[in-house]
Amino acid sequence: MNAISVRNLRKTFQTKRKAAGLRGSLRALWKPAFQDVEAVRGISFEMEAGELLGFIGPNGAGKSTTIKILTGILHPSSGEAAVLGYVPWQERQALAFQIGSVFGQRPQLWYHLPAVDTFYLFGKIYELDDGSLKRRISFLAEAFEIEELLETPVRKLSLGQRMRCEVAASLLHKPRVLLLDEPSIGLDVVAKQRLRMTIQRMNELEGVGVLLTSHDAGDIETLCRRVIIVNHGEIVYRDKVSALKRRYLTVKTVDVRYNEQLAPDFRLPGVEMLKVGRYGAKMRFDTRITPVEPVISGLAAAGSLADVTVSEPSLEDVISAIYARTEA
Amino acid sequence: MGSHLAFVLALWRTNLLSAMEYRVSFLTQVVGMMLNNAIYFVFWIIFFARFEEINGWDLVDMFFLFGVVATGFGAGTYLFGNAVRLSSLIASGQMDYYLSLPRPVLLHALASRSNASSAGDFMYGLLSFGAAVIFSGTFNGLMLLRFALGCLASIAVLISFLVLVQSLTFWIGNTNLLTTNAFNAIVTFSLYPITLFDGTAKLLLFTLIPAAFIGALPAEFVRRFDLLQLAQICAGGGIFLFLSVFVFYRGLRRYESGNAIQVRM
């Protein structure tokens, strides 16, 4: 069964247009002009129960708007959506008992209070009895390694610590789907890694489905099996993360160093030479055009090898290339 | 219903815990507001020392009036502290938080903040009611019951009026200035003797700026029982409550969220 099903979802906002300066302001006062901005343009997708699905795109791509429609915060302009069988904007309250959400820029923990006080408030919001709530807090505190943080005022926590508490708070009522909107925003590398591990662990332990939006390709690479890439409110790519890598990570960069001097006219067929020095070279080739084997043989034949490094572009580079392709 | 009550009590408890994190600030605001109200009332003491009464209203009526208004205003804006910030919550996209949780959005938003200074208004209101009882020389259990009922009606109309005005944000965008003016108008007019007004002005105080339902009407009802006044304050409270909830939820369909970075205090 699909946890999330979206069909031809659209959301149009009306924004006011005003020319610069006093004259523009006066004209807008007398005769305001409006422009329709299509934030989401006919998006359709499904997410299976228990799936970890990445939903990525640049700023203004429509990621957050889609998540807000799926939590019932916004009404769509047209289209259909069902989350766990509920139409979010019509059955918001019933749905909210079944899902959890975390918005990276919208903390839900009370700033001046320790996180545990918000947890107890959430217990009442989600109608949990005291015994189950205490057991749940204890379980999540251990799973998220936040036992020592629970009684510290939130304002004194680091961003990474706070975000782990935020995600734990969203899981108090054992939701079946978790909607995470930029949970890793502003976190350092270590904090990101810890957050990813805890999300993955909760997915494995409780089978909670996760729809994750992020700017960070690392989040998607580590957590998600499938990815949807959106740009300008439309889906521009959808497939397994592994397929994305197979399809786009075909360009290899080779850095080679020799124990002896290279011939000044050193070249390999089908390989783009980026830099050729006296004792080394840097080159690039596409495995779809030039197979790996002749390149490696050619490198070995050119002299006594001291070191070879083969690298491929990061997923971030690949996604940037997909954005650029859709822009074109 | 029981679950909603438990939820609201938990919210108020959390607000109190948050306020207690800064005890000195909390106490300063409470005492400061009590002093502020007392200084304002001195004006009426001087006035009535000179004129005795205005169209039948005397100093004791003013004590009853301040008792009901300050207690109602204090309790209302302490328990539903976001009633004075609803406009900015809507305009800056902060309703997202309340919409993502399984509780009635309006109730959740209103009760999610307590104003410390409102506790000062509340305590001042109780003292003013105490003074009214002493100076009028009449007190019984029924008067206490009428006072509680009058304050409840006052809270209902005040909060409903604030919600109504600020719900306009859904249609016309930023209403901060309108909210400030409406807030000042309702508080100012509710603290004047109703006998000062007649004709159109009086009609306005029962409709567009329903200050009569917040001050004069419940204050008169507290002083002496009148079945018609009881019906009026109940009807006023009920109608404004219904209207505010209706208009707010109609507007909520137009809510457009936002991307501002926020903090929950």
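*Asks:* Residue-level account of the overall build of chain A, with values.
*Replies:* Across its full length, chain A carries eleven helices and 13 strands. Residues classed as buried in chain A amount to 40% of the 328 residues present.

*Asks:* Before we move on, can you summarise the interface of chain A and chain B with the specific residues and values?
*Replies:* Each side of the interface is counted separately: chain A has 28 residues, and chain B has 25 residues. Of all elements in the fold, only α2 (63-71), α3 (92-96), β5 (99-103) and α4 (115-125) of chain A reach the threshold of two or more residues within the side of chain A that touches chain B. The element best represented in the side of chain A that touches chain B is α4(A), accounting for four residues. Grouping the amino acids of the side of chain A that touches chain B by side-chain chemistry returns 14 nonpolar, eight polar and six charged.

*Asks:* Outline the domain arrangement of chain A, supporting the account with residue identities and numerical values.
*Replies:* Here the domain parsing of chain A yields domain 1 (2-246) and domain 2 (250-312). Here the C-alpha centre of domain 2 of chain A lies 45 Å away from the C-alpha centre of domain 1 of chain A.

*Asks:* Just give me the short version of the confidence of the model for chain A, but keep the residues and values in it.
*Replies:* Scored by pLDDT, chain A comes out at a mean of 90, with 99% of its residues at no less than 70. The spread of mean pLDDT over the elements of chain A runs between helix α11 (residues 315-327) of chain A, the lowest at 74, and strand β4 (residues 78-83) of chain A, the highest at 97.

*Asks:* I'd like to hear about helix α5 (residues 130-143) of chain A, residue by residue, with values.
*Replies:* Each turn of an α-helix holds 3.6 residues, which means side chains three or four residues apart point in the same direction. Residue and element names in this part refer to chain A. The terminal C-alpha atoms of α5 lie 20 Å apart, and with 14 residues this matches the ideal 20 Å at 1.5 Å per residue to within 8%. Of the residues making up α5, those classed as buried are R136, I137 and L140. In an axial view of α5, the angular spread of the buried residues amounts to 105°, which keeps them on one side of the axis. Across α5 from its buried face, at more than 90 degrees, point the exposed residues G131, R135, S138 and E142. Turning to α5, the residues buried within the fold contact α4 and α6 (159-170). Within two residues after α5, E145 carries a phi angle of roughly 50°, on the positive side.

What counts, and where the lines are drawn
- Residues numbered from 1 in each chain as written.
- Chains lettered and ligands numbered in written order.
- Predicted model: local features only at pLDDT ≥ 70, side-chain atom pairs only at ≥ 80, totals over all residues.
- Helix = DSSP H or I, 4+ residues; strand = E, 2+ residues; numbered from the N terminus.
- Buried ≥ 20, exposed ≤ 12 C-beta atoms within 10 Å, placed from the backbone.
- Contact = placed C-beta atoms within 7 Å.
- Nonpolar A, V, L, I, M, F, W, Y, C, P; charged D, E, K, R; others polar.
- Domains from an automatic or database assignment.
- pLDDT = per-residue confidence, 0-100.
- Expected span 1.5 Å × (residues − 1).
- Arc of directions from axis to C-beta.

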